[in-house]
Amino acid sequence: MSAIPALTNAQLNKRIISVVIFTFFCYLSIGLPLAVLPGYVHNQLGYSSFIAGLIISLQYFATLVSRPQAGRYADLLGPKKVVLVGLILCGASGLFTLFAVLMDASPLISLLLLAVGRVVLGFGESLTATGSILWGINVVGTVQSARVISWNGVATYLAMAMGAPLGVMLNTLFGIPGFAVLIMLMAAFGYWLATRRPAVQVEVGQHIPFTKVFGKIWLYGLCLGLGTVGFGTIATFITLYFSSHSWEGAAFSLTLFSIGFILMRLLFNNSIARYGAIRVSLVSFAIECAGLLLIWQASSIWMVDLGAFLTGSGFSLIFPALGVEAIRRVQPQNQGSALGLYSAFLDCGLGITGPVAGLLIGRWGVDAIYLAAAGVVLLAVAVMSGLLARGDR
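So, how was this worked out
- Residues numbered from 1 in each chain as written.
- Predicted model: local features only at pLDDT ≥ 70, side-chain atom pairs only at ≥ 80, totals over all residues.
- Heavy atoms only, no water.
- Helix = DSSP H or I, 4+ residues; strand = E, 2+ residues; numbered from the N terminus.
- Buried < 20%, exposed > 50% of the residue type's maximum accessible area, 1.4 Å probe, protein only.
- Contact = heavy atoms within 4.5 Å.
- Areas by Shrake-Rupley, 256 points an atom, 1.4 Å probe, with all protein chains shown as cover.
- Lys, Arg positive; Asp, Glu negative; His and termini not counted.
- Charge placed at Lys NZ, Arg CZ, Asp CG, Glu CD.
- Expected span 1.5 Å × (residues − 1).
- Core = buried A, V, L, I, M, F, W, Y, C linked by side-chain atoms within 4.5 Å.
- Patch = residues over 30% accessible without salt bridge, like charges linked within 9 Å, V, L, I, M, F, W, Y side chains within 5 Å.
- Salt bridge = Lys/Arg side-chain N within 4 Å of Asp/Glu carboxyl O.
- Phe/Tyr/Trp six-rings, centres within 6.5 Å; stacked < 30°, edge-to-face > 60°.
- Axes fitted to C-alpha atoms, helices over the stretch in contact; angles between N-to-C directions.
- Parallel < 35°, antiparallel > 145°, perpendicular 65-115°, else oblique.
- Left-handed = near helix turned anticlockwise from the far one by under 90°.
- Nonpolar A, V, L, I, M, F, W, Y, C, P; charged D, E, K, R; others polar.

Novice: Hey, could you run me through the overall build of the protein in this one?
Specialist: A tally of helices and strands in the protein yields 15 helices and zero strands. Across its three principal directions, the C-alpha atoms of the protein cover 55 × 50 × 40 Å. Per-residue burial for the protein yields a buried fraction of 53% across its 393 residues. Across the protein, the fraction of contacts at a sequence separation of at least 24, relative to all contacts at a separation of at least 6, is 85%. Total accessible area computed for the protein in this model is approximately 16,500 Å², and 70% of it derives from carbon and sulfur atoms. Of the charged side chains in the protein, 20 are positive and 11 negative, and the gap between their average positions amounts to 14 Å.

Set out below in structure tokens:
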């Protein structure tokens, strides 16, 4: 990677935002259908709630499967080309969704078109998100990796937070075609914008096999997966938790989780370079664990809200901190593969959390999953403490 001239914080952020905006477009495309498609599949097409949930989950499975390959393609072809293809796929998902609505007189064909659109969107997410991070790192230099990953996370959560309510509003006004067309327009605009950004040089060198890359990054990916459990239990089951206590305000707890997440990314994105990734991760896991324990023992709504805020704050810096360590362990020509494999642990953590937590709820009740999640996060605390004890920073 060529040397990057010294830049001010404002210049660095401007360069990073000019690339991670493509992540924003991608995740806004993901957020728009989330609150609408399950009801459409169940109420209008007439399929069961299980099928409705499966249609949504297809995107997550596609993302999990394609993340590592997205990273490898970014290494071989360059991140700009990968982002361009990812944006095309995001736009195609909107097109398939539009076709599905036009074919709703034939429920099976409509469902299959929705399924294809969800899979295509999952592939688009892998390519766009992984490519954007690698593109940003190449633009501002590896030393700013944590800053790039942090801004990418802010773009992701802002887009997801905006996407669901915007999708509901557009569906109310124009039906599903309202947000399907918006997804296509965003993809077209993003593609045009990306073509105007300068490409970065692909690093020349030996591309090591996935197995060797995995061997270098698996511990950091595993801890990321452990930390993701806390996020997954709140995002998926906080509404059920409130209902079991006959409380209202679950949506506000989710908002506080997001506020804590974004504030930490914006206020402390320099802490990883300053104090070291392992130390920041250790503190972050401890804060997340404390938040989950507070929810488990909560006797009032404000305690749950505080616990959600702490959990979001703790989870916030885990991905960039451990991500810096993961990509630091490979040569530049293999960083895309490392990033793809590392990110797949997050997808895997989210995928496993739902069914396992569901089994625990059936046996011990919804409160127990927050104690179990805290125990899982505590394992990551132990791993980070061990790494710190042996001298890692």
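Novice: Any chance you could explain the environment of Ala52 here in plain terms?
Specialist: Mapping Ala52 onto the fold places it in helix α3 (residues 49-77). The exposure class of Ala52 is buried, given its relative accessible area of 4%. Along the sequence, Ala52 and Gly39 sit 13 residues apart, while their C-alpha atoms lie 7.4 Å from each other. Setting aside residues up to four positions removed in sequence, Ala52 forms contacts with Pro38, Val41 and His42.

Novice: Would you explain helix α8 (residues 210-244) in this entry?
Specialist: An α-helix turns once every 3.6 residues. As a result, residues three or four positions apart point the same way. In this model, α8 (35 residues) spans only 45 Å end to end at C-alpha, well below the 51 Å of a helix rising 1.5 Å per residue. After α8 finishes, the residue Ser246 shows a positive phi value of roughly 60 degrees.

Novice: Would you mind showing me how to read helix α9 (residues 250-267) here?
Specialist: Taking 1.5 Å of rise per residue, 18 residues should cover 26 Å, and α9 covers 26 Å from first to last C-alpha, within 8% of that figure. Taken residue by residue, α9 has Ala250, Ser253, Leu256, Phe257, Gly260, Phe261, Ile262, Met264 and Arg265 as its buried positions. Its buried side turned inward, α9 meets α6 (145-174), α8, α12 (301-316) and α13 (318-328).

Novice: When you look at the environment of Met264 in this model, what are you seeing that I'm missing?
Specialist: Along the polypeptide, Met264 turns up in helix α9. Under the relative-accessibility criterion, Met264 is labelled buried at 17%. For the pair Met264 and Pro320, spaced 56 residues apart in sequence, the C-alpha separation works out to 12 Å. Not counting residues up to four positions away in its chain, the partners in contact with Met264 are Asn269, Ser313, Ser316 and Leu317.

Novice: Explanation requested: the nonpolar core in the structure shown.
Specialist: When a protein is soluble and globular, its nonpolar side chains tend to lie buried together. Counting 104 residues, the largest nonpolar core has Tyr241, Phe285, Leu322 and Tyr370 as its most contacted members. Ranked by residue count, the leading element in this core is α8, at 13 residues. With near-sequence residues (within four places) excluded, Tyr370 lies in contact with Thr233, Ile234, Phe237, Ile238, Tyr241, Leu292, Ile295 and Trp296. Listed in part, the eight residues of the second largest apolar core include Ala146, Val280, Leu317 and Val324.

Novice: Can you help me understand unusual backbone geometry in this one?
Specialist: Phi is mostly negative for residues that are not glycine, and the peptide bonds are mostly trans. The backbone phi angle of Ser246 is positive, close to 60 degrees, even though this residue is not glycine. The residue Ser246 is located in the loop between α8 and α9 in this model. Residue Ser246 is classed as exposed on the basis of its relative accessible area, which comes to 68%.

Novice: Where do I start with a nonpolar patch on the surface in this structure?
Specialist: Residues Leu95, Phe99, Leu102, Met103 and Ile109 make up a contiguous nonpolar surface patch of about 430 Å² in total accessible area. With three residues, helix α4 (residues 79-102) is the single largest residue contributor to the nonpolar patch. Tracing the backbone shows Met103 in the loop between α4 and α5 (107-140). Note on Met103: relative accessible area 34%, which makes it partly exposed.

Novice: I'm lost on the pattern of salt bridges in this one. Help?
Specialist: Close approach of charged atoms allows side chains with opposite charge to pair. According to the stated counting rule, one finds three salt bridges in the structure shown. A salt bridge links Glu325 to Arg329; the nearest nitrogen and oxygen atoms lie 2.9 Å apart. Classification of Glu325 as buried rests on a relative accessible area of 5%. On the accessibility criterion, Arg329 (27% relative accessible area) is partly exposed. Salt bridges sharing partners connect three or more residues here, namely Glu325, Arg328 and Arg329.

Novice: Would you take a moment to explain the packing of aromatic side chains for this structure?
Specialist: We describe a pair of aromatic rings using the distance from one ring centre to the other and the angle between the two ring planes. Applying the stated criterion across every chain, the model contains 13 aromatic pairs. Arranged with centres 5.9 Å apart and planes meeting at 70 degrees, the rings of Phe25 and Phe189 form a pair that is edge-to-face. With a gap of 164 residues between them, Phe25 in helix α1 (residues 9-34) and Phe189 in helix α7 (residues 176-195) connect regions that are remote in the sequence. The exposure class assigned to Phe25 is buried, which follows from its relative accessible area of 9%. A ring pair is formed by Phe261 and Phe315, whose centres lie 6.2 Å apart and whose planes are at 40 degrees; its orientation type is tilted.

Novice: What's the story with the packing of α8 against helix α15 (residues 368-389) in this structure? I'm lost.
Specialist: Each packed pair of helices is defined by two parameters, the angle between the axes and the distance between the axes. Where α8 contacts α15, the axes come no closer than 9 Å and their chain directions differ by 160 degrees. Considered as vectors, α8 and α15 are oriented roughly antiparallel to each other. Where α8 crosses over α15, the handedness of that crossing is left-handed. Packed against α8, whose contacting residues are Leu219, Tyr220, Cys223, Leu226, Gly227, Val229, Gly230, Thr233, Ile234, Phe237, Ile238 and Tyr241, the element α15 presents Ile369, Tyr370, Ala373, Val376, Val377, Leu379, Ala380, Val383, Met384 and Leu387 at the interface. Of the residues contributing to the contact of α8 with α15, the split by class is 19 nonpolar, three polar and no charged.

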